[in-house]
Amino acid sequence: MPTVHVTASDGPVTVEATEPVPGLRVYELPAEPSLEYRWVLAHHEGRALGLFTSNDDANGAAAAVASMADWTRSVMTVANEISLGGHVERFGFALIAHGCAPTSK
């Protein structure tokens, strides 16, 4: 099972992750009282794609974006596949449809 290194309020922590889609990882951030969105969907190189309130939501988002790119490739290659493939809007809507945390402007 893959692991991910995250920084918590009390220092660095290693957490276990799952890989519901090759190249995408889902893991839970350490408990923090004010943290509502604790489940992370991330590229295997570490770049977070979205935060979710449940494991099911994060896994659902992974399934929804699975066909948009070859997630086993580098993060830059994946970004180009999504952008140049015309999937940016569909990618964002897929994350939102599965409960991804809203971003601030």
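This one's a predicted model, so the numbers in the text were calculated from it and none came from an experiment.

Thresholds, definitions, all that
Residues numbered from 1 in each chain as written. Predicted model: local features only at pLDDT ≥ 70, side-chain atom pairs only at ≥ 80, totals over all residues. Heavy atoms only, no water. Buried < 20%, exposed > 50% of the residue type's maximum accessible area, 1.4 Å probe, protein only. Helix = DSSP H or I, 4+ residues; strand = E, 2+ residues; numbered from the N terminus. Pairing = 2+ DSSP bridges. Contact = heavy atoms within 4.5 Å. Core = buried A, V, L, I, M, F, W, Y, C linked by side-chain atoms within 4.5 Å. 1 Å grid on protein atoms, 1.4 Å probe; cavity = no way out; pocket = protein on both sides within 12 Å on 5 of 7 lines; lining within 4 Å. Points joined across faces, edges and corners; volume = space filled by probe spheres on them. Nonpolar A, V, L, I, M, F, W, Y, C, P; charged D, E, K, R; others polar.

Caption draft 1: Molecular detail of the pairing of strand β1 (residues 3-8). Of the two faces of β1, only one is covered, namely that formed by V4, V6 and A8; the face formed by T3, H5 and T7 stays uncovered. Bridging between β1 and strand β2 (residues 11-21) involves six bridges; their strand directions are antiparallel. If you follow T3 over to β2, its bridge partner there is E16. Connecting the antiparallel pair β1 and β2 is a turn made up of two residues.

Caption draft 2: Up close: helix α1 (residues 55-65). When we look at burial in α1, the residues that qualify are A58, G60, A61, A62 and V65. Those residues of α1 that are buried lie in contact with β2, β3 (24-28), β4 (39-43), β5 (48-52) and α3 (88-97).

Caption draft 3: Structural detail: the nonpolar core. Ranked by size, the top nonpolar core spans 19 residues in total, and within it L24, L41, F52, V65, W71, F91 and L95 carry the most contacts. Looking at this core, the elements with two or more residues in it are β3, β4, α1, α2 (75-84) and α3. With four residues, the top contributor of residues to this core is α1. Those residues in contact with V65 that sit more than four places away from it in its chain are L24, W71, F91, A94 and L95. Grouped together as the second largest cluster of nonpolar side chains are eight residues, V6, V15, L29 and V40 included.

Caption draft 4: The layout of surface pockets, seen in detail. Here the largest pocket defines a volume of roughly 210 Å³. Looking at the largest pocket, the residues that line it are L49, G50, L51, G92, L95, I96, C100, A101, P102 and T103. Looking at the lining of the largest pocket, the elements with two or more residues in it are β5 and α3. Of the voids in this model, the second largest pocket is the one considered here, and its volume is about 150 Å³. Counting only elements with at least two residues in the lining of the second largest pocket, the list comes to β5 and α2. When its residues are assigned to classes, the lining of the second largest pocket shows nine nonpolar, one polar and one charged.

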